[in-house]
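# Architecture at a glance
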Amino acid sequence: MSWNDIEEIITEVKPIFDAASDAICIQNMQGEVVYSNPYYEKMIKRSNTELVEDEQYIYKGTCKTGKIVIYHDISEVNRLKRELDRLNQKLRKVQVKYSFKDIIGKNKELLKVINTAKIAAMTPATIMIRGESGTGKEIFANAIHNNSPRRTEKFIKINCSSLPEELLESELFGYKEGAFTGARRGGKRGLFQEADRGTLFLDEIGDISSKMQVKLLRVLQEKEVMPVGSTETIAVDVRIICATNKPLEEMIAEGSFREDLYYRLNVFPLFIPPLRERKEDIGLIAEYLLNQYNEFYNRKISEIEPSAIDILQQRAWYGNVRELENVLSRALINMDENEVIMTAEDIDAALRGETIRPLKNAGQEKEVKPRLPMNLKEAVELAERQCIEDAISRHNGDKNKAAVDLGIPLRTLYYRCRKLGI
């Protein structure tokens, strides 16, 4: 086939190729482009276009003289996939609070924990989730429940460190009418009864008193509760998931945690790796969190710059995913409603705890005003949150030293952390 034949073929198919929605070019034997349609010309000018090459030979003769190459633009497909992921994320929040799809990451150790948790979820075994504060222990507990045969029943949670001993006892086991001054008329069902046939999540289990440890052990052994002020027991069928960031083994050696209770709770342990040991997941987690918070903060961020991810990956994250959530929230609050890309400048300012909009253009002289919430209470809470997070981060998670820096008692710091979700 001569070159004139090739030109004749190109002329014949040119109207079809010109109207095609794919990028098409024809190359000679030397790899030189001898024809390209308008869409191809448009696509090669876009440096961020994602293309897939698909070689197709139209005539037998072209095999000897060159080839036709069709490029499929998949950037729109990927955009639609990201949008679908966002919609599925919202849908899961409607159906259940958390599922295993809400545990984001490709780290090998994390994936091992997820796979193990899925297996354990299908059994009635008591599960103890271990991990630093902010690693997502509650999300794991919720996902386990929603992947278990008890998924249609209640998932009840309680933070064991948030209540004094007397209140914790009545919350867990309930009380009879007249059991104490101020007791509700008719008494009150405890959380064990509320979670009957479902799951009870005991967070911060390492903080319960010795007296409560004895009572909890009895419930686990006998599978029945005795409300405060009552002499009669009530049978319960409850699946227990507990969590702690405390060194229980050391506490057993010191005598502050019962060994028999430990073995009742530690039937199936799961250890969640801290964020600093899976930094390759930070970009995925950041994208997930931005999808989650866009609506809450009335923003439209669809992308976070690679350089911004690089900055996030350099941080130690002693507050783990919870600390990352706070930094991204701070960055979102500082951004304008019409922006779609979160930059390295946004992240850098948020990490420094700034509430002033960073200048993104070198020549910009316009004064930048603070972007704080309009509501005074929310603004005060935001400032308080930033002070507490920075103090804890400075001391690598040591809240005792952070409390000294902040000039408040340790108990007050714990109270404020719980209230602010830190």
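Below is a short write-up of the structure. Quick caveat, the model's predicted, so the values are computed rather than measured.

Here we come to the state of the cysteines. By definition, a disulfide links the sulfur atoms of two cysteines through a covalent bond. This model, assessed by the stated rule, comprises 0 disulfides. For Cys160, which is in no disulfide, the shortest distance to another cysteine sulfur is to Cys242 and amounts to 8.7 Å. Take Cys160: its relative accessible area is 3%, and that puts it in the buried class.

With that out of the way, let us pick up the packing of helix H7 (residues 165-173) against helix H9 (residues 210-222). Across the interface, H7 lies against H9 with an axial gap of 10 Å and an inter-helix angle of 10°. On the basis of their axis angle, the class for H7 and H9 is roughly parallel. Between H7, through Glu165, Leu168, Glu169, Leu172 and Phe173, and H9, the contact on the second element is made entirely by Lys211, Met212, Lys215, Leu216 and Val219. In terms of residue class, the contact of H7 with H9 is made up of 6 nonpolar, no polar and 4 charged.

For the rest of this paragraph, the subject is the nonpolar core. Ranked by internal contacts, the top residues of the largest apolar core, which has 30 residues, are Leu172, Phe192, Leu200, Leu202 and Leu265. Mapped onto this core, the elements with two or more residues apiece are strand S6 (155-159), H7, helix H8 (191-194), strand S9 (199-203), H9, strand S12 (239-244), helix H10 (248-254) and helix H11 (259-265). No other element matches the 5 residues that H9 contributes to this core. Dropping the residues within four chain positions of it, Phe192 is found in contact with Leu172, Phe173, Leu200, Leu216, Val219, Val225, Val236, Val238 and Ile240.

This paragraph deals with helix H14 (residues 320-334). Residues spaced three or four apart along an α-helix point in a common direction, a consequence of the helix completing one turn every 3.6 residues. The end-to-end C-alpha distance of H14, which contains 15 residues, comes to 22 Å, matching closely the 21 Å that a straight helix rising 1.5 Å per residue would cover. Judged by how many residues are buried, H14 sits mostly within the fold: 13 of 15 residues are covered.

Two elements in contact, helix H16 (residues 376-394) and helix H18 (residues 410-420), have axes separated by 11 Å at closest approach and are oriented at 120°. Taken as axis vectors, H16 and H18 run oblique relative to one another. H18 is crossed by H16, and the crossing has left-handed handedness. Where H16 abuts H18, its residues Glu381, Glu384, Arg385, Ile388 and Ile392 lie against Leu413, Arg416, Cys417 and Leu420. Of the residues belonging to the contact of H16 with H18, the class tally is 5 nonpolar, no polar and 4 charged.

Rules used throughout
Residues numbered from 1 in each chain as written. Predicted model: local features only at pLDDT ≥ 70, side-chain atom pairs only at ≥ 80, totals over all residues. Heavy atoms only, no water. Disulfide = S-S within 2.5 Å. Buried < 20%, exposed > 50% of the residue type's maximum accessible area, 1.4 Å probe, protein only. Axes fitted to C-alpha atoms, helices over the stretch in contact; angles between N-to-C directions. Helix = DSSP H or I, 4+ residues; strand = E, 2+ residues; numbered from the N terminus. Parallel < 35°, antiparallel > 145°, perpendicular 65-115°, else oblique. Contact = heavy atoms within 4.5 Å. Nonpolar A, V, L, I, M, F, W, Y, C, P; charged D, E, K, R; others polar. Core = buried A, V, L, I, M, F, W, Y, C linked by side-chain atoms within 4.5 Å. Expected span 1.5 Å × (residues − 1). Left-handed = near helix turned anticlockwise from the far one by under 90°.

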